[in-house]
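The primary structure of each chain is shown beneath.
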Amino acid sequence: MAKILVFCETQNDQLKKGSVELLCAATKSQGEITALFLGPQGKAAAPLAGQFGATSSLVCDDEKLSSYNPELFCAAASQAIRDSGAEIVLASTSMLARDLFPRVAAKLDCGLASDCTQLEISGNAVKARRPLYSGKCSAEVEFINSPVKFVLMRPNQLPVSDPQSGKSAEVKLFSLPPADTKTTVENVVQGAVGKIDLTEADVIVSGGRGMKGPEHFKMLEDLAATIGGTVGASRAVADAGWVPHSMQVGQTGKTVAPSLYIAAGISGAIQHLAGMSGSKVIVAINKDPEAPIFQRSTYGVVGDLFEVVPKLTEEFKNILK
Ligand SMILES: Cc1cc2nc3c(=O)[nH]c(=O)nc-3n(C[C@H](O)[C@H](O)[C@H](O)COP(=O)(O)OP(=O)(O)OC[C@H]3O[C@@H](n4cnc5c(N)ncnc54)[C@H](O)[C@@H]3O)c2cc1C
């Protein structure tokens, strides 16, 4: 039975969906599961990991971890891996995990597969699949001679089981080990607040340069609010300062894989496709029938988004009322 450590992230004292997916995948593999929570913000959700198969939750609730410092987080995560004897470490491909786990894997001299879309655990053997070259091909990754196998999975790729209510993980606190820190975090500036994290969203409505200006994004927010989604954007729009960079989807932005991705006024440059082509259903709205986005879309609407988007919103409102 493999010892699996699942790095859990939380929002409003609840486990993020990506973390739940990993706990469920680990449970399916019949491993011995420990959940890992770093920072005081994770403490409240730690027992909840038991509802998805974790027997215990390791928590370092040191105040110094209340905002992300790579060196401190690396020291704490490495300590937890040693303490738990983990052979497999799973984390969701969040911005934090993408920065943290390559450091931890390097520190422990182990292998890491990042941005994976498929995962297979059999005993303590792990196979993962990851897209390459902006999704043009994919590689199957296996680990050789790696005492700990690190896998970072894209959210929304793995099935989730119902929580087993009444079950709770045993919470074990551990202290932040001493770390030779060379940096301190002076200030954290909050990005878009109160919205569903793009990487976890099941429905995304994204706007590109075809939106003509920031004032028109309200139209996308209305559509997203009607169908329970969140708003994203192309880099052209983020670079123009119409929306914050935290909303950018693509190679240098966020990688998303929602059930539904609506692209309005986005041409479909390869760097944008790299971040959203894993979406299950893609709907493109573009007035140019030759726009490359149509080659990757499940449904394409050739038309003026200023007519199409409000009509779509109205139709959804009628259907969902
Ligand atoms: C190293 C590098 C990294 C990059 N990373 C990213 C990234 O992470 N994410 C990203 O998005 N881009 C990225 N880019 C930029 C990328 O190459 C494109 O420039 C960008 O995606 C274009 O954004 P867009 O589709 O919004 O704009 P455009 O390419 O200008 O497309 C606008 C589209 O809107 C349509 N349109 C205009 N008016 C209307 C209307 N009224 N109704 C309907 N449709 C309309 C047009 O037909 C057009 O297809 C990167 C580029 C480089 C070099």
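Brief notes about the sheet that holds strand β12 (residues 170-173)
Here 7 strands make up an open sheet; going across it, the order is β7-β11-β6-β1-β4-β5-β12 and the pairing parallel. The open sheet has two edge strands with one neighbour each: β7 (111-116) and β12. Pairwise comparison of adjacent strand axes, ignoring direction, gives a mean angle of 20° for this sheet. The pairing of strand β1 (residues 3-7) with strand β4 (residues 32-38) spans 5 bridges and is classified as parallel. Along β4, the bridge assignment pairs I4 with I33. In the packing of helix α2 (residues 70-84) onto the sheet, the strands contacted are β1, β4, β5 (56-60), β6 (88-92) and β11 (149-153), and the crossing angle to β4 comes to about 160°.

Looking at the site of the ligand
In the vicinity of the ligand there are 26 residues, among which R209, S234, T252, S267 and N286 approach most closely. Between an oxygen atom of the ligand and a main-chain N or O atom of R235, the distance comes to 2.9 Å. In the model, an oxygen atom of the ligand is placed 2.9 Å from a nitrogen or oxygen of the H272 side chain. Its free accessible area being 990 Å², the ligand has 76% of it covered by the protein chains. According to the grid-proximity analysis, the pocket containing the ligand is the second largest pocket. The set of elements that each furnish at least two residues to the shell around the ligand consists of α5 (235-239), α6 (270-276) and α7 (305-320). The residue inventory of the shell around the ligand, partitioned by class, reads 6 nonpolar, 14 polar and 6 charged.

Here's the deal with the sheet that holds strand β9 (residues 125-132)
As a general point, the strands of a sheet are linked pairwise by backbone hydrogen bonds and lie either parallel or antiparallel. In space, the 3 strands of this open sheet follow the order β8-β9-β10, with antiparallel pairing throughout. Only two strands of the sheet have a single neighbouring strand rather than two, namely β8 (118-122) and β10 (137-142). Geometrically, the sheet is characterised by an average inter-axis angle of 15° between neighbouring strands, direction not taken into account. Examined bridge by bridge, β9 and β10 share 6 bridges and lie antiparallel to one another. Bridged to R130 within β10 is A139.

Focus on the nonpolar core
The biggest cluster of nonpolar side chains holds 34 residues, and the ones touching the most others in it are I4, V6, L23, F37, L90, L119 and V151. Where this core is concerned, the elements lending two or more residues are β1, α1 (17-28), β4, β6, β7, β8, β9 and β11. Looking at this core element by element, the count peaks at 6 residues for α1. Ignoring anything within four residues of it in the chain, the contact list for L90 reads I4, L5, V6, F7, L22, A26, L119, I121 and V151. Ranked by size, the runner-up nonpolar core spans 29 residues in total, among them L5, A86, V148 and F150.

Side note on the environment of V20
Inspection of the secondary structure assignment puts V20 in helix α1. Residues within four places of V20 in sequence aside, it is in contact with L15, F52 and V160.

Some words on empty space enclosed by the protein
Within this structure, the stated rule accounts for 1 cavity of 30 Å³ or more. What the largest cavity holds in volume is close to 40 Å³. Forming the walls of the largest cavity are K16, S92, T93, S94, P155, D197, T199 and E200. Its residues assigned to classes, the lining of the largest cavity shows 1 nonpolar, 4 polar and 3 charged.

Regarding the side chain of T34
Here T34 shows up in strand β4. When neighbours within four sequence positions are excluded, T34 is seen to be in contact with I4, L5, V6, S56 and L58.

Here's the deal with the layout of surface pockets
Where empty space is left in the structure can be found by rolling a water-sized probe over the atoms. Put simply, the second largest pocket is a space of about 280 Å³. Forming the boundary of the second largest pocket are 17 residues, of which S234, R235, A236, A269 and H272 lie nearest the centre. If you list the elements that add at least two residues to the lining of the second largest pocket, you get α5 and α6. Residue composition of the lining of the second largest pocket, grouped by class: 4 nonpolar, 11 polar and 2 charged.

Each value, and the rule that gives it
Residues numbered from 1 in each chain as written. Predicted model: local features only at pLDDT ≥ 70, side-chain atom pairs only at ≥ 80, totals over all residues. Heavy atoms only, no water. Pairing = 2+ DSSP bridges. Helix = DSSP H or I, 4+ residues; strand = E, 2+ residues; numbered from the N terminus. Axes fitted to C-alpha atoms, helices over the stretch in contact; angles between N-to-C directions. Contact = heavy atoms within 4.5 Å. Near = heavy atom within 4 Å. Polar contact = N/O pair within 3.5 Å; in protein donor to acceptor, adjacent residues only side chain to side chain. Areas by Shrake-Rupley, 256 points an atom, 1.4 Å probe, with all protein chains shown as cover. 1 Å grid on protein atoms, 1.4 Å probe; cavity = no way out; pocket = protein on both sides within 12 Å on 5 of 7 lines; lining within 4 Å. Sits in = over half its atoms within 2 Å of the grid points. Nonpolar A, V, L, I, M, F, W, Y, C, P; charged D, E, K, R; others polar. Core = buried A, V, L, I, M, F, W, Y, C linked by side-chain atoms within 4.5 Å. Buried < 20%, exposed > 50% of the residue type's maximum accessible area, 1.4 Å probe, protein only. Points joined across faces, edges and corners; volume = space filled by probe spheres on them.

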